[in-house]
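A structural walkthrough
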Amino acid sequence: MNNGHYDVIIIGTGAGGGTLARKLAPSGKKILILERGDFVKREPDNWNSRAVNVEAKYNTKEVWYDSDGKPLHPHTNYYVGGNTKFFGAALFRMRKEDFGELKHYDGISPAWPISYDELEPFYTQAEQLYHVHGTRGEDPTEPPSSAAYPHPAVSHEPRIQHLADDFAASGVRPFHVPLGVQITENNRMSKCVRCGTCDGFPCLVNAKSDAHVCGIEPALDFPNVTLLTNALVTRLDTDEAGRRVTAVQVERNGEKETYAAHIVVVSAGAINSAALLLRSANDRHPNGLANSSDQVGRNYMGHVNSVMLAVSKCPNPTVFQKTLAVNDYYFGSEDFPYPMGHISFVGKLDGVTLSAGAPSITPGFTLDQMAKHSLDFWLTTEDLPRPENRVTLNANGDIVLSYTPNNVEPHKQLQNKLKKLMNNQRKCDVHGGECHQGLFSRNLYLGQQIPLAGVAHQNGTARFGDDPATSVLDRNCKAHDLDNLYVVDGSFFPSSSAVNPALTIMANALRVGRHLLTELS
């Protein structure tokens with residue numbers, strides 16, 4: 001049964017879909033938003049480390065598979081706001097050079113069909129929409145901008161300021177991470193209370209600038225916008241010519257429903273969006289919708305990521321740790337002339353979180369002490385698009401994620417750079433000894449031994465470009481093969497850069513939104 005016709009249907013409510021909904025909402029056009037999950041329940045467990053990091057209470061229980069057919073339990077979340085409900089709110093612009101062809105240790109990172117300058121106005125709009133706090137001019141690789149950050153940088157706590165000073169004395173240029181949190185420091189009316197449960201946790205007080213809070217909720221203030229939750233889109237149907245999507249098939253509350261729209265926008269995340277297009281194969285599109293190039297699902301990227309803990313003799317009482325970053329090695333160094341990537345922090349780890357990746361015989365007291373004395377770094381290196389790194393479906397229609405890491409050597413070099421920086425720290429003010437005691441690597445995805453399960457930075461499975469033979473989408477993120485199908489999540493990335501993709505997805509959704517408003521006028 002057809003349940004109505006809309007001007008626009010948006011599938012997914014994350015960084016892409018949520019932002020696009022906010023952009024289109026004031027148009028007066030009839031908009032339907034479909035989200036396979038529900039709202040995150042506001043409850044004490046939102047800020048419970050055991051529930052979030054050990055029990056994985058909010059992760060999907062869906063099972064994917066790797067290329068060997070082994071079960072994969074993805075660290076992803078199906079809620080209104082998508083993965084932004086759980087992200088660390090670090091909202092970086094890609095570097096201007098990232099939009100061009102870049103030579104890496106392991107190959108070439110391809111150029112984008114649009115330039116940084118074309119996206120820059122939308123980066124500025126996205127920073128305003130998502131309440132980004134930062135300071136222009138600190139980051140040595142920062143691209144040019146047309147406006148200051150809308151809010152001042154979130155300040156360092158004393159231990160992080162101590163580290164920033166040490167790094168600066170070592171010759172690098174540390175800077176404040178651009179953060180999407182609704183904080184007004186030294187103001188008791190601030191929405192953000194500067195808690196220790198931002199990175200990886202849903203925000204109990206709705207102070208994190210996620211796509212639910214900043215995108216979907218403001219969009220729903222407009223009477224022309226409808227949101228359906230627990231609405232799983234199973235396939236897209238086309239007309240006989242295969243040029244237009246004519247029906248969106250949905251399973252909701254145990255029932256099958258059908259919706260239609262003048263324009264259909266897919267934004268289910270790079271992995272699920274590719275899977276949806278593949279599941280929508282028909283006689284006109286036998287290899288999957290929009291897949292005449294055979295590029296749907298290919299070129300999956302998710303960065304080379306690691307967490308490194310520096311355990312110090314002096315304690316680290318920091319609560320909100322994720323304020324410091326270093327990009328001096330982003331494009332390489334004199335002794336290693338290839339891009340290495342980005343150094344920043346994860347949210348402050350505790351003993352409960354560490355227990356997820358520790359041997360079961362490790363005493364809790366040991367983990368608690370380690371956490372109290374640790375600095376918890378996040379390192380990111382760009383991985384390169386490889387056609388064999390891809391999303392496919394098995395015979396049962398389940399997602400298969402095949403991925404062989406690449407460009408790993410620059411990541412090792414980046415880790416070595418961090419070790420050297422830590423070895424240059426000053427004497428500890430508290431104990432009079434060396435502040436740095438040791439640096440070691442641990443699994444980024446807590447409680448999991450399968451790095452492939454971590455898909456927070458997923459992108460690249462439906463790349464955009466000017467050549468329909470080598471790309472899925474055109475420069476406006478419309479499918480080359482169809483007249484009314486768009487994709488606005490991280491699928492469109494031709495390359496991944498070495499920063500969190502969220503702000504670029506948001507900015508691009510605003511750019512595509514401007515185009516759609518013209519199409520709808």
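Above this note sits the structure.
Residues numbered from 1 in each chain as written. Predicted model: local features only at pLDDT ≥ 70, side-chain atom pairs only at ≥ 80, totals over all residues. Heavy atoms only, no water.

1. Here's the deal with empty space enclosed by the protein
Under the defined criterion, the tally for this structure stands at four cavities of 30 Å³ or more. Every residue lining the largest cavity is counted, 15 residues in all, and those nearest its centre are Cys-192, Cys-195, Cys-198, Cys-203 and Ala-207. Broken down by class, the residue content of the lining of the largest cavity amounts to 12 nonpolar, one polar and two charged. Size it by volume and the second largest cavity reaches roughly 90 Å³. Every residue along the wall of the second largest cavity is listed here: Phe-92, Arg-93, Arg-95, Thr-135, Arg-136, Asp-139, Glu-142, Pro-143, Tyr-149, Phe-175, His-176 and Pro-178. (1 Å grid on protein atoms, 1.4 Å probe; cavity = no way out; pocket = protein on both sides within 12 Å on 5 of 7 lines; lining within 4 Å. Points joined across faces, edges and corners; volume = space filled by probe spheres on them. Nonpolar A, V, L, I, M, F, W, Y, C, P; charged D, E, K, R; others polar.)

2. Some details on the packing of aromatic side chains
What the rule picks out here adds up to 18 aromatic pairs. Plain terms: the ring middles of Tyr-300 and Tyr-403 are 5.8 Å apart, the flat faces sit at 85 degrees to each other, and that makes the pair edge-to-face. One end of the pair, Tyr-300, is in the loop between helix H6 (270–279) and strand E14 (304–312); the other, Tyr-403, is in the loop between strand E19 (399–402) and helix H9 (408–423), with 103 residues separating them in the sequence. Ring plane angle 70 degrees and centroid distance 4.9 Å describe the contact between Tyr-330 and Phe-331, whose orientation is recorded as edge-to-face. The buried category is assigned to Tyr-330, whose relative accessible area is 3%. Of the residues examined, Phe-331 reaches a relative accessible area of 28% and is grouped as partly exposed. Three or more aromatic residues link up through ring pairs in this structure, and these residues are Phe-99, Trp-112, Tyr-116, Tyr-123, Phe-464, Phe-492 and Phe-493. Positioned above the aromatic ring of Tyr-330 is the side chain of Arg-95, whose terminal nitrogen or guanidinium carbon lies 5.9 Å from the ring centre. The ring of Tyr-149 carries the charged tip of Arg-136 above its face, separated from the ring centre by 3.8 Å. (Phe/Tyr/Trp six-rings, centres within 6.5 Å; stacked < 30°, edge-to-face > 60°. Helix = DSSP H or I, 4+ residues; strand = E, 2+ residues; numbered from the N terminus. Buried < 20%, exposed > 50% of the residue type's maximum accessible area, 1.4 Å probe, protein only. Lys NZ or Arg CZ within 6 Å of the ring centre and 35° of its normal.)

3. Things to note about the pairing of strand E13 (residues 255–266)
Each regular strand displays side chains that alternate between the two surfaces of the sheet. Here E13 lies mainly inside the structure; nine of its 12 residues are buried. Bridge count for strand E12 (residues 245–252) against E13 is five bridges, and the pairing is antiparallel. Across the sheet, residue Arg-252 finds its bridge partner in E13, namely Glu-255. From the end of E12 to the start of E13, which pair antiparallel, there are two residues, and Asn-253 there has a positive phi angle of about 55 degrees. As defined by bridge partners, E13 adjoins strand E21 (residues 485–487) across three bridges and the pair is classed as parallel. Bridge assignment links Val-265 to a residue of E21, and that residue is Tyr-486. (Pairing = 2+ DSSP bridges.)

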